[in-house]
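Each chain is listed here by its residues.
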Amino acid sequence: MALDRIRDQLPDAVKGHWADTLIPLGLRPFARMARFERPIGWWLLLLPCWWSATLAAIALGRQPSLLHMALFLIGAVVMRGAGCTYNDILDRDLDGQVERTRNRPLPSGQVTTRQAVLFMGLLCLIGLAVLFSFNALTIVTGLGSVVLILIYPLMKRVMPIPQLVLGLAFNWGALVGWTAYTGSLGLSPVLLYLGGICWTIGYDTIYALQDIEDDEIVGIKSSAIFFGSRVIRAVAICYGLTLLFFAGALWAAHANLWAYAGLALFALHFVWQIKKVVPTDSGVNLQLFRSNRDAGLILLAGLLLNAYLG
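Below, the structure is looked at part by part. Residue numbers run consecutively from 1 along every chain, following the written order of its sequence. Only residues with pLDDT of at least 70 get local features here, since the model is predicted, and only at 80 or more are side-chain atom pairs given and counted; chain-wide, interface and lining totals rely on the full set of residues. Neither water nor hydrogens contribute to the side-chain values; these are computed over all heavy atoms in the structure.

A closer look at the nonpolar core
Quick reminder of the rule: Here, nonpolar core refers to any group of buried Ala, Val, Leu, Ile, Met, Phe, Trp, Tyr and Cys residues whose side-chain atoms link them within 4.5 Å. Note on exposure labels: buried denotes an accessible area under 20% of the residue type's maximum, exposed denotes more than 50%, and partly exposed covers the range between, all computed with a 1.4 Å probe on protein chains only. Segments assigned H or I by DSSP are reported as helices when at least four residues long, segments assigned E as strands when at least two residues long, and all are numbered from the N terminus. Two residues form a contact once any of their heavy atoms are found within 4.5 Å.
Core analysis: the biggest nonpolar cluster contains 91 residues, and Trp 51, Leu 55, Phe 72, Trp 199, Phe 266 and Leu 303 have the highest contact counts within it. Examining the composition of this core, we find that 15 residues originate from one element, helix 3 (residues 40–60), more than from any other. Non-local contacts of Phe 72, meaning those with residues more than four positions away in its chain, are made with Leu 46, Cys 49, Trp 50, Ala 53, Phe 134, Val 176, Gly 177 and Ala 180.

Describing the state of the cysteines
Heads up, the rule is: Disulfides are defined as cysteine sulfur pairs within 2.5 Å.
Enumeration over the complete set of coordinates arrives at zero disulfides. Take Cys 124: it sits in no disulfide, and the sulfur closest to it among the cysteines is that of Cys 84, at 12 Å. Residue Cys 124 is classed as partly exposed on the basis of its relative accessible area, which comes to 28%. Counting only cysteine sulfurs, Cys 238 is the nearest neighbor of Cys 198, a cysteine outside any disulfide, at a range of 6.2 Å.

As for helix 9 (residues 163–170)
For helix 9, the tally of buried residues reaches six of eight residues, placing the bulk of the element in the interior. Within helix 9, the full set of buried residues consists of Gln 163, Val 165, Leu 166, Gly 167, Ala 169 and Phe 170. Those residues of helix 9 hidden inside the fold are in contact with helix 3, helix 8 (146–155), helix 11 (187–208) and helix 13 (223–227).

So, the pattern of salt bridges
Once their charged atoms are close, side chains differing in charge can pair, the charge on each being opposite to the other. This is how the line gets drawn: A pairing counts as a salt bridge when a side-chain nitrogen of Lys or Arg comes within 4 Å of a carboxyl oxygen of Asp or Glu.
Within the structure shown, the criterion is met by six salt bridges. Taking the shortest distance from any N to any O, the salt bridge between Arg 157 and Asp 91 comes out at 2.8 Å. On the criterion of sequence distance, the pair formed by Arg 157 in the loop between helix 8 and helix 9 and Asp 91 in the loop between helix 4 (66–90) and helix 5 (92–95) is long-range, its members being 66 residues apart. The exposure class assigned to Arg 157 is partly exposed, which follows from its relative accessible area of 33%. Two residues, Arg 293 and Asp 294, come together in a salt bridge whose shortest N-O distance is 2.8 Å. When salt bridges with common partners are traced through the structure, they connect Arg 35, Asp 88 and Arg 104 into a single cluster.

Here it is, written out as structure tokens:
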């Protein structure tokens, strides 16, 4: 069918995902607009929340709240969907000029702009319902990310490294996860947040390598273009800073060897990524970008062992 052929032309989508097989045909463009069939985005949004919530439990000598972890999962999925829809609304003309994005629902005409706005509003309402189930400080902290979400899609037009703003937005959960559990902020979540920003710049630079030629043609800026021939070295520096900040976050939360073992394996995953990057191979770089979910889960495993085994 026509929609299936369009879907097959989206190179960064997961083949055979439930969003493309189980959802009714007429709703699939909305699922694609929310990137449901590209789950790596919500994973990268969710992991800082889970890290922070688990670190807060470690700092207090308790176990993580499974309810909080579930709420963060729901919030990450719907707010990532809302953010992607907002991005597509703003970029619908630019997306039509880029090979990788021209078949997205808006530029390809599968969804109208009005429909996209209504869909985004629905996702935001669900996200707000999740946020308002937490304490007052968490609600205020969560709402503080709105400005970053709104300005990020515009930064690729004016900022040489728009991934910095993406990092500020995507890792806000490092602050939210901590406040939800403790009702306060501290040094550990701030260091985790700073490390997450560096992590995002690193992995999204790898991702941006896919679009260098098209981005230069249409005037979109990215860290991959900015770093140029030094891109692998730049990713290595970003990942190195990530590890330093994360080590500080573990120290500030009084983590034990389980957590540091998770961080060590996390570091080894970074080394593997850096060795595998091929600036001209889009397929390899997409897989390396996606592998950051696994890296994040490795770190989470160390934190959970710390929290549950002490």
